[in-house]
Amino acid sequence: MRACGAPEYRIISLSVTNRLTKVTERREALYWSELDGDSALGSLRFPLIGWMPGKQERVMTRVTWYALAVLWGGSGTFRAAGDARAQPAQAPGFFMHAPGMRHDYGPVGTGRWDEFFWTFQGERVREWQRGGWWHQDAQFVRITAEEAETLRGIFERSCAALEIRDRAALDGEKLAIERWLAARAQPAPAAEGALGRIVERWRREPQRAWSLQDAAADAGLSYSRFRVKFLADFGTSPYDYLLRLRIELAERWLTSTDEAVKVIAQRCGFGGAEAFVRAFGRVHGQSPGRWRKDQSG
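Notes on the structure in this doc start here. Because the structure is a prediction, the values reported are computed rather than measured.

1. Thoughts on helix α4 (residues 167-183)
Each turn of an α-helix holds 3.6 residues, which means side chains three or four residues apart point in the same direction. Here α4 spans 24 Å end to end across 17 residues, near enough to the 24 Å set by a 1.5 Å rise per residue. Counting buried positions over the 17 residues of α4 gives twelve, a clear majority of the element. Among the residues of α4, those classed as buried are Arg167, Leu170, Asp171, Glu173, Lys174, Leu175, Ala176, Ile177, Glu178, Trp180, Leu181 and Ala182. Where α4 starts, the residue carrying a side-chain oxygen 3.3 Å from the main-chain nitrogen of Ala168 turns out to be Asp166.

Have a look at this one:
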């Protein structure tokens, strides 16, 4: 695998990668770190993503970050927190990091371990946890070759978007990871599962004229109970959550197209330009037009 189509491997943010894996500059590895302004989707960021072919050292530490790692090739062992023995880990498979998890994984002896990973920051990661999309304990999960190819494609496109600073493309890959996680979500209690399915529909098509009353009915709840539960699970009201999704969609249109503000308002599900400008101003403290000019530098 030649990650990102890059002509050569290079390390970015070496001080961070040293903390992650004690990697040295002699090892061939590719790392990308998201910079300010690389994405309009501020609720999810990539502090670091990387490709490590032939990693030799084992990782034995309590981690302080969120990450999704994929064993693309090779094998080794993986020991989850509390396990007395390490279990075999054979590619392809994935595992997750979360703050406080203790990990012990890597190749055995002269074995090969080819890994790529994303690290995450932002409010959306906490939503993944609340929705049951994120493993709460360290574990290694086998996946099919097709799933591994899907993740590889997301990884390579993420790198390519960072290479050319394509914010719209980068946001698309973030949402692709989110959809992949949602599809593999662990079973959740009925009410939580219902909210998760509703939110996933909103994320796929935030511009649609969604009815909050219908959403409450779909969840089998009264609207008042739906609002209370939604606030407890997602930290915001259903109205404000859907509004934020539409604002994020509008941000992508504003930064990646020359469409007029009134056209973007229609595309993103606002009743009209006036309602869009008011909502955008509450979030950003300025008009969409002014914000667009600031983003373009």
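After that view, the rundown keeps rolling.
2. Describing unusual backbone geometry
For residues besides glycine, phi is generally negative; the peptide bonds are generally trans as well. A cis amide bond links Ala91 with the next residue in sequence, Pro92, at an omega value of -5°. Along the chain, the position of Pro92 falls in the loop between β5 (87-90) and β6 (93-97). In the Ramachandran plot, Arg165 falls in the positive-phi region, its phi being about 55° despite a non-glycine side chain.

3. As for the pattern of salt bridges
Summed over the entire model, instances satisfying the criterion amount to 18 salt bridges. For the salt bridge of Lys174 with Glu34, the shortest nitrogen-to-oxygen distance reads 3.2 Å. Residue Lys174 is located in helix α4, and its partner Glu34 is located in the loop between β1 (30-32) and β2 (49-52); the two are separated by 140 residues in the primary sequence. As far as burial versus exposure is concerned, Lys174 and Glu34 are alike and both buried. Between Glu205 and Arg208 there is a salt bridge, with the nearest N and O atoms lying 3.6 Å from each other. The class of Arg208 is partly exposed, set by a relative accessible area of 41%.

So, how was this worked out
Residues numbered from 1 in each chain as written. Predicted model: local features only at pLDDT ≥ 70, side-chain atom pairs only at ≥ 80, totals over all residues. Heavy atoms only, no water. Helix = DSSP H or I, 4+ residues; strand = E, 2+ residues; numbered from the N terminus. Expected span 1.5 Å × (residues − 1). Buried < 20%, exposed > 50% of the residue type's maximum accessible area, 1.4 Å probe, protein only. Polar contact = N/O pair within 3.5 Å; in protein donor to acceptor, adjacent residues only side chain to side chain. Salt bridge = Lys/Arg side-chain N within 4 Å of Asp/Glu carboxyl O.

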